[in-house]
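Observations on chain architecture
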Number of protein chains: 2
Amino acid sequence: MTKSNDLVLERTLNAPRELVWRAWTDPKLLKQWFAPKPYEISEVEMDLRPGGIFRIRMVGPDGFDTGHGNPGCVLEVVDGEKLVWTSALAPQYRPAEMGEGCESFPMTAVVTLADGGDGKTLYRAVALHRNEADRNVHEQMGFDDGWGKCAEQLEELAQGLAANA
Amino acid sequence: MTKSNDLVLERTLNAPRELVWRAWTDPKLLKQWFAPKPYEISEVEMDLRPGGIFRIRMVGPDGFDTGHGNPGCVLEVVDGEKLVWTSALAPQYRPAEMGEGCESFPMTAVVTLADGGDGKTLYRAVALHRNEADRNVHEQMGFDDGWGKCAEQLEELAQGLAANA
């Protein structure tokens, strides 16, 4: 239950909070930034209410599969501020079977957004794990680089939305 | 994901819905009916909001321990109508370590109450499991008898609350 079970990414994104939220919660937009390139998101299903589905399938170059896109479960949605989902549960809160690769251990993601002033967003993503072993596996999969690169892609996409607004 | 992964208890309780809800959600009252006698609840912690703790420790005759009371997580609370919690997550949605005995597999409990007319309550408790194997283990632990006996104890306690109201 300690902090040592968590992985944390914090960034100040140079884009307004409502656009970062939109890029996070619109499946078509999420698809464009949620995988660190050259990985790609091949499938997204999200029903943003407690008990709803949260399912993302990622594929690597040459079709390398990082898992089969096990369906996870949305837990909390605070519009423009907070999104929580978990892979420990399937939709409608049923305990989930674990999968392969990146899906071999359960995790809960807690994403929070706050105004950073000057049209910026304080972006925080925390991955909660069962124990330190799972945390370490996730870290060795490249959490910091992967989520860091995705945060840059997210920022760029949200900036593009601002330009087109 | 099929019905075959679930265990379902349905009863019409001869007590009003608000008292059944109170017996379910007041830790002091829950303690009196939630274990099929001669089992007893030795410890209860509940914080009835999403992300809050739901922890119950049960002991049998001669101090036989059915588990260590792993802390679970509340998922949904609709006052007087619905309570959902899971042992797949610890409080604040962290994926849970599994425990021993009755706590060796994850489950989600969905409890719903509806008015049954004439001061009665339609009571439904569903246990959701990962797969059929877990469901069968839970069934063999005595789900039907155990939860059935508890429902009788719940009814009796709620009736006592009515008499004292």
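What counts as what
- Residues numbered from 1 in each chain as written.
- Chains lettered and ligands numbered in written order.
- Predicted model: local features only at pLDDT ≥ 70, side-chain atom pairs only at ≥ 80, totals over all residues.
- Heavy atoms only, no water.
- Axes fitted to C-alpha atoms, helices over the stretch in contact; angles between N-to-C directions.
- Helix = DSSP H or I, 4+ residues; strand = E, 2+ residues; numbered from the N terminus.
- Parallel < 35°, antiparallel > 145°, perpendicular 65-115°, else oblique.
- Left-handed = near helix turned anticlockwise from the far one by under 90°.
- Contact = heavy atoms within 4.5 Å.
- Nonpolar A, V, L, I, M, F, W, Y, C, P; charged D, E, K, R; others polar.
- Core = buried A, V, L, I, M, F, W, Y, C linked by side-chain atoms within 4.5 Å.
- Buried < 20%, exposed > 50% of the residue type's maximum accessible area, 1.4 Å probe, protein only.
- Phe/Tyr/Trp six-rings, centres within 6.5 Å; stacked < 30°, edge-to-face > 60°.
- Pairing = 2+ DSSP bridges.

Moving on, we get to the packing of helix H1 (residues 17-25) of chain B against helix H4 (residues 143-164) of chain B. Residues and elements named next belong to chain B. Taken N-terminus to C-terminus, the directions of H1 and H4 make an angle of 115°; their axes are 9 Å apart at the nearest point. One finds that H1 runs roughly perpendicular with respect to H4. Where H1 crosses over H4, the handedness of that crossing is right-handed. Residues Leu19, Val20, Arg22, Ala23 and Trp24 of H1 lie in contact with H4, whose contacting residues are Leu154, Leu157, Ala158, Leu161 and Ala162. Looking at side-chain class alone, the contact of H1 with H4 contains nine nonpolar, no polar and one charged residues.

Residue and element names in this part refer to chain B. Counting residues in each nonpolar core, the largest one holds 39 residues, and the members touching the most others are Trp24, Trp33 and Tyr123. The element that contributes the greatest number of residues to this core is H4, accounting for eight residues. When residues no more than four places from it in sequence are discounted, the contact partners of Trp33 are Ala23, Trp24, Tyr123, Cys150, Gln153, Leu154 and Leu157.

The next thing to look at is the packing of aromatic side chains. Residues and elements named next belong to chain B. Per the stated rule, a full pass over the model turns up 14 aromatic pairs over all chains. Pairing Trp24 with Trp33 gives two aromatic rings, centres 5.2 Å apart and planes at 70°, and the pair type is edge-to-face. Summarising the burial analysis for this pair, Trp24 and Trp33 share the class buried. Taken together, a centroid distance of 5.8 Å and an interplanar angle of 55° make the contact between Trp24 and Trp85 tilted. With Trp24 in helix H1 and Trp85 in strand E5 (residues 82-86), this residue pair connects regions lying 61 residues apart in the sequence. Take Trp24 and Trp85: they sit in the same class, and that class is buried.

So, about the pairing of strand E6 (residues 107-117) of chain A. Residue and element names in this part refer to chain A. Alignment of strand E5 (residues 82-86) against E6, held across five bridges, turns out to be antiparallel. Of the residues in E6, the one forming a bridge with Trp85 is Ala109. As judged from the ten bridges shared by E6 and strand E7 (residues 120-129), these two strands associate in the antiparallel manner. Residue pairing for E7: Thr108 is matched across the bridge by Leu128. Connecting the antiparallel pair E6 and E7 is a turn made up of two residues, with Asp118 showing a positive phi of about 55°.

The next thing to look at is the sheet that holds E5 of chain B. Residue and element names in this part refer to chain B. With antiparallel pairing, seven strands are arranged side by side in an open sheet as E1-E7-E6-E5-E4-E3-E2. What marks the edges here is a single partner per strand, and that holds for strand E1 (6-13) and strand E2 (40-46). Averaged over all pairs of adjacent strands, the angle between their axes in this sheet comes to 20°, without regard to strand direction. Summarising the sheet, strand E4 (residues 72-78) and E5 pair through five bridges and their orientation is antiparallel. Along E5, the bridge assignment pairs Val74 with Trp85. Helix-sheet contacts for H1 involve E1, E2, strand E3 (53-59), E4, E5, strand E6 (107-117) and strand E7 (120-129), and the interaxial angle to E6 is about 155°.

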